[in-house]
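These are the residues of each chain, in order.
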Amino acid sequence: GYVGAKGDLVFNVVPFDGPANNNFANAIPIASFPFKDSLNNLGATVEPGEPSPSCAPGGGTVWYSFTPTADMRIVADTFGSSFSAVLAAFAGTAFANLQPLGCQAFSTPLVLDVTAGTTYYFQIGGYSGAVGELVFNVVAHPRPTNDNFANATRITALPFTDSLSALGATTE
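Residues numbered from 1 in each chain as written. Predicted model: local features only at pLDDT ≥ 70, side-chain atom pairs only at ≥ 80, totals over all residues. Heavy atoms only, no water.

## Thoughts on the overall build of the protein chain
- Secondary structure summary: the protein chain contains 0 helices and 9 strands in total.
- Helices and strands appear in the protein chain in the N-to-C order β-β-β-β-β-β-β-β-β.
- Taking 2.2 N^0.38 as the reference for a compact globule, 172 residues should give roughly 16 Å; the C-alpha atoms of the protein chain span a radius of gyration of 21 Å, well beyond that estimate.
- Each principal axis of the C-alpha distribution contributes one length, and for the protein chain these read about 90 × 40 × 25 Å.
- The buried share of the protein chain, reckoned over its 172 residues, is 37%.
- For the protein chain, long-range pairs separated by at least 24 residues make up 74% of all intrachain contacts whose partners lie at least 6 apart in sequence.
- With an accessible surface of roughly 10,300 Å², the protein chain has 56% of that area assigned to carbon and sulfur atoms.
- Charge-centre separation for the protein chain: the mean point of 5 positive side chains lies 7 Å from the mean point of 12 negative side chains. (Helix = DSSP H or I, 4+ residues; strand = E, 2+ residues; numbered from the N terminus. Rg over C-alpha atoms; globule rule 2.2 N^0.38 Å. Buried < 20%, exposed > 50% of the residue type's maximum accessible area, 1.4 Å probe, protein only. Contact = heavy atoms within 4.5 Å. Areas by Shrake-Rupley, 256 points an atom, 1.4 Å probe, with all protein chains shown as cover. Lys, Arg positive; Asp, Glu negative; His and termini not counted. Charge placed at Lys NZ, Arg CZ, Asp CG, Glu CD.)

## Concerning the sheet that holds strand β9 (residues 133-140)
- Strand order in the open sheet made by the 4 strands is β2-β9-β4-β7, with antiparallel pairing throughout. Each end of this open sheet is capped by a strand with a single partner; those strands are β2 (35-40) and β7 (110-114). Pairwise comparison of adjacent strand axes, ignoring direction, gives a mean angle of 20° for this sheet.
- Two elements, strand β4 (residues 72-77) and β9, share 4 bridges in a ladder whose sense is antiparallel. (Pairing = 2+ DSSP bridges. Axes fitted to C-alpha atoms, helices over the stretch in contact; angles between N-to-C directions.)

## What about the nonpolar core?
- Counting 23 residues, the largest nonpolar core has I30, Y64, F122, I124, L134 and F136 as the members making the most contacts within it.
- Breaking this core down by element, the ones donating at least two residues are β2, β3 (61-66), β4, β5 (85-91), β7, β8 (120-126) and β9.
- It is β5 that provides the largest number of residues to this core, a total of 4 residues.
- The contact partners of F122, leaving out residues within four places of it in the chain, are I30, V62, W63, Y64, F66, I74, A76, L87, A88, A89, L112 and F136.
- A27, W63, V86 and L98 belong to the second largest nonpolar core, which has 11 residues in total. (Core = buried A, V, L, I, M, F, W, Y, C linked by side-chain atoms within 4.5 Å.)

## Concerning unusual backbone geometry
- Going from F33 to P34, the amide bond is cis rather than trans, its omega being -5°.
- Structurally, the position occupied by P34 is in the loop between β1 (28-29) and β2.
- Omega for the bond connecting L158 with P159 falls within 30 degrees of zero, at 0°, which places this linkage in the cis form.
- One non-glycine residue, F106, lies in the positive phi region at around 60°.
- The topology assignment puts F106 in the loop between β6 (99-105) and β7.
- Unusually for a residue other than glycine, S107 sits at a positive phi of about 70°.

## Remarks on the pattern of salt bridges
- For the structure on display, the rule yields 1 salt bridge.
- Close ionic contact of R73 with D113 constitutes a salt bridge, the shortest N to O distance being 2.7 Å. You can see R73 sitting in strand β4 and its partner D113 sitting in strand β7, a full 40 residues away along the chain. (Salt bridge = Lys/Arg side-chain N within 4 Å of Asp/Glu carboxyl O.)

Structure, rendered in structure tokens:
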């Protein structure tokens, strides 16, 4: 004991279950947009055989799933989280056949083109094991109307001003 103190030391141990979607099999389904979920990732773990994110070192993870009913472009991010998160996206049905589709860290948006009927999984962990309040956001994001050369915005007079988001724009 401290400075020679003596006595009984009592430990109280209680079971602690991590987040409900800690395991791949319990991925929270995304049913509609915009989607937002908030949780504390304290107690999240890495399952045996779980893939590591390709863009940054992660820690314990939580999982989300999405099966679109139509082809679309989506944007996922962790804006609003209290820690630096690592967000990875996969297609497949089990760890053995997951195909990595993208990875972003530090709340950078992840833009994905998804196909109707394919199930996509989102793995989110704390950068280098960070924990705290996670905020996961997913929205459908249409391409800009002038995304392709054939649909270029015509400039008919000068001066010209236009405003649009280039998030989700592609290259030809």
